[in-house]
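# Structural overview
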Amino acid sequence: MSNKKKIILDCDPGHDDAVALILAHGNPTIDLVAITTIGGNAFLGKVTKNALGIMAKAGIKDVPIAAGCTRPLLREVEEAGDVHGETGLDGVDLPEPEVELDLRHGVDLIIDTIMGSEPGSITLVPTGPLTNIAMAVRKEPAIAERVKEVVLMGGGIHEGNWSAVAEFNIKTDPEAAQIVFDAPWEVTMVGLDVTHQALATEEISARIQNIGTPLSEFVLGLLSFFRKAYKDNQGFDHPPVHDPVAVARVIDPSIVGTVRAPISVECQGSSTLGMTVVDLRPGCTPENCHTQAAQTLDTERFWDLVIDAIQRAG
Ligand code: BDR
Ligand code: CA
């Protein structure tokens, strides 16, 4: 039996989701067992088309991919066009898909994959709004004790990007996020406190350029669009490449330091909607606390992993 870590990537590509897919596929310790898509950075049809194009570009075959929910549980869809452009993946040309979409709903692909695998063998890695994951655990609550853990990109202890205190993935579907943080499984929140350190500097771009393959050119195209979007809309000199940080945490937990603490989601506040509230007060973390929040990132080792994965894809 393979010792690789099995993951399901639930994503909304998205420039940084694309890098997360490339890292998950290219890292030799990860077995990417399913991909599901969720409306988020752009509408579901667009992000699913993007995921299929990224798979073709990165040579990801033999991995089932299914489209999930079109919209949040209670709220309207909100695209992140300022950050990801009209297509959700502006700045690159995508090849034609080489695989067919799985005919199942994404939520069912998640449930079937977990229930059909050894208990404790699958890690769920959501890098978009948490609607599919919340629906899956509501439809089949047994997945909560069957997964190894959930390692999600979203939220933050002290930082927001979609409002002063809320992050995009959580703010898009706060009720789904609350369901995911409340379910009885291990959840690690890889939030903005660390992903804002995963900056694609010019030095990182130069290292990627040196690889000199069609895939490295593709990643450079993604980063170049992302750089301008983050500069123009959020005042960053270098774009934070959020989503692969969650994958890196699965590959090597020591790259992302965490603190164990209760996490809840603000679902009602008029100026705090979607805020992840991490209770760091001494003595307030019960012994059976099942949630952790990321606090530190080993940036150098993170980029080494990403660059190695691009190289290995050839
Ligand atoms: C998150 O929101 C999306 O725009 C990115 O893909 C990432 O998942 C960052 O807030
Ligand atoms: Ca994303």
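In this text the structure is predicted, and so the values were computed from the model without any measurement.

## Side note on the sheet that holds strand 6 (residues 187–190)
Taken together, the eight strands give an open sheet; going across it, the order is 3-2-1-4-5-6-10-7, and neighbouring strands pair in mixed fashion. The sheet is open, and its two edges are formed by strand 3 (65–67) and strand 7 (256–260), each paired on a single side. Within the sheet, the average angular offset between the axes of one strand and its neighbour, ignoring direction, is 25°. In this structure, strand 4 (residues 122–126) lies alongside strand 5 (residues 149–153), joined through two bridges in parallel fashion. Its bridge partner being in strand 5, leucine 124 is matched across the sheet by valine 150. Against the sheet, helix 4 (residues 106–115) engages strand 1 (5–11), strand 2 (30–37), strand 3 and strand 4, with an angle of about 150° to strand 2.

## Quick look at the site of ligand 1
Every residue close to ligand 1 is listed here: Asp16, Asp17, Asn41, His84, Thr127, Met153, Asn161, Glu167, Phe168, Asn169, His242 and Asp243. A distance of 2.7 Å separates an oxygen atom of ligand 1 from a polar side-chain atom of asparagine 41. A distance of 2.6 Å separates an oxygen atom of ligand 1 from a polar atom in the side chain of aspartate 243. Compared with its free state, where it exposes 280 Å², ligand 1 has 98% of that area covered by protein. Listed by contribution, the elements that provide at least two residues to the shell around ligand 1 are helix 1 (15–26) and helix 7 (168–172). Class assignment of the residues belonging to the shell around ligand 1 gives a composition of two nonpolar, six polar and four charged.

## Some details on the confidence of the model for the protein chain
The pLDDT averaged across the protein chain works out to 96; a share of 100% of its residues lies at or above 70. Confidence, expressed as mean pLDDT per element, reaches its minimum in the protein chain at helix 3 (residues 81–84) with 85 and its maximum at strand 5 with 99.

## Focus: unusual backbone geometry
The step from proline 13 to glycine 14 runs through a cis peptide bond, and the omega angle for that step is -10°. Summarising the element assignment, glycine 14 is placed in the loop between strand 1 and helix 1. Non-glycine residue aspartate 62 carries a positive phi angle of around 55°. The exposure class of aspartate 62 is exposed, given its relative accessible area of 77%.

## Observations concerning the coordination of the calcium ion (ligand 2)
The protein atoms that coordinate the calcium ion (ligand 2) are Asp12 (OD), Asp17 (OD), Asp17 (OD), Thr127 (O) and Asp243 (OD), at distances of 2.2 to 2.6 Å. Between consecutive donors of the calcium ion (ligand 2), the numbers of intervening residues give the motif D-x4-D-x109-T-x115-D. Taken together, the residues aspartate 17 in helix 1 and aspartate 243 in the loop between helix 11 (214–234) and helix 12 (244–251) connect sequence positions 226 residues apart. Like aspartate 243, aspartate 17 is buried.

## Thoughts on the packing of aromatic side chains
Going through the model one piece at a time under the given rule, you end up with four aromatic pairs. Between the aromatic rings of phenylalanine 226 and tyrosine 230, the centroid separation amounts to 5.0 Å while the plane-to-plane angle is 85°, which identifies the pairing as edge-to-face. Of the two residues, phenylalanine 226 and tyrosine 230 both sit in helix 11, four residues apart, roughly one turn of that helix. The exposure classification of phenylalanine 226 matches that of tyrosine 230, with both residues buried.

## Considering the environment of aspartate 173
Secondary-structure assignment places aspartate 173 in the loop between helix 7 and helix 8 (174–182). Owing to a relative accessible area of 0%, aspartate 173 belongs among the buried residues under this scheme. Sequence separation between aspartate 173 and glutamate 217 is 44 residues; the distance between their C-alpha atoms is 34 Å. Every residue in contact with aspartate 173, bar those within four places of it in the chain, is listed here: Pro72, Leu73, Pro129 and Thr131.

## Examining the nonpolar core
Ranked by internal contacts, the top residues of the largest apolar core, which has 58 residues, are Leu32, Ile35 and Phe302. Contacts of leucine 32, omitting those with residues within four sequence positions, involve Ile7, Leu9, Leu21, Ala24, Ile60 and Val63.

## Re the pairing of strand 5
Of all the five residues making up strand 5, five are buried; the element is thus mostly covered by neighbouring parts of the structure. Two elements, strand 5 and strand 6, share four bridges in a ladder whose sense is parallel. Opposite valine 150, over in strand 6, you have valine 187 as the bridge partner.

Reading the values: rules and limits
- Residues numbered from 1 in each chain as written.
- Chains lettered and ligands numbered in written order.
- Predicted model: local features only at pLDDT ≥ 70, side-chain atom pairs only at ≥ 80, totals over all residues.
- Heavy atoms only, no water.
- Pairing = 2+ DSSP bridges.
- Helix = DSSP H or I, 4+ residues; strand = E, 2+ residues; numbered from the N terminus.
- Axes fitted to C-alpha atoms, helices over the stretch in contact; angles between N-to-C directions.
- Contact = heavy atoms within 4.5 Å.
- Near = heavy atom within 4 Å.
- Polar contact = N/O pair within 3.5 Å; in protein donor to acceptor, adjacent residues only side chain to side chain.
- Areas by Shrake-Rupley, 256 points an atom, 1.4 Å probe, with all protein chains shown as cover.
- Nonpolar A, V, L, I, M, F, W, Y, C, P; charged D, E, K, R; others polar.
- pLDDT = per-residue confidence, 0-100.
- Buried < 20%, exposed > 50% of the residue type's maximum accessible area, 1.4 Å probe, protein only.
- Donors = N, O, S within 2.8 Å, 3.2 Å for Na, K, Ca; no water.
- Phe/Tyr/Trp six-rings, centres within 6.5 Å; stacked < 30°, edge-to-face > 60°.
- Core = buried A, V, L, I, M, F, W, Y, C linked by side-chain atoms within 4.5 Å.

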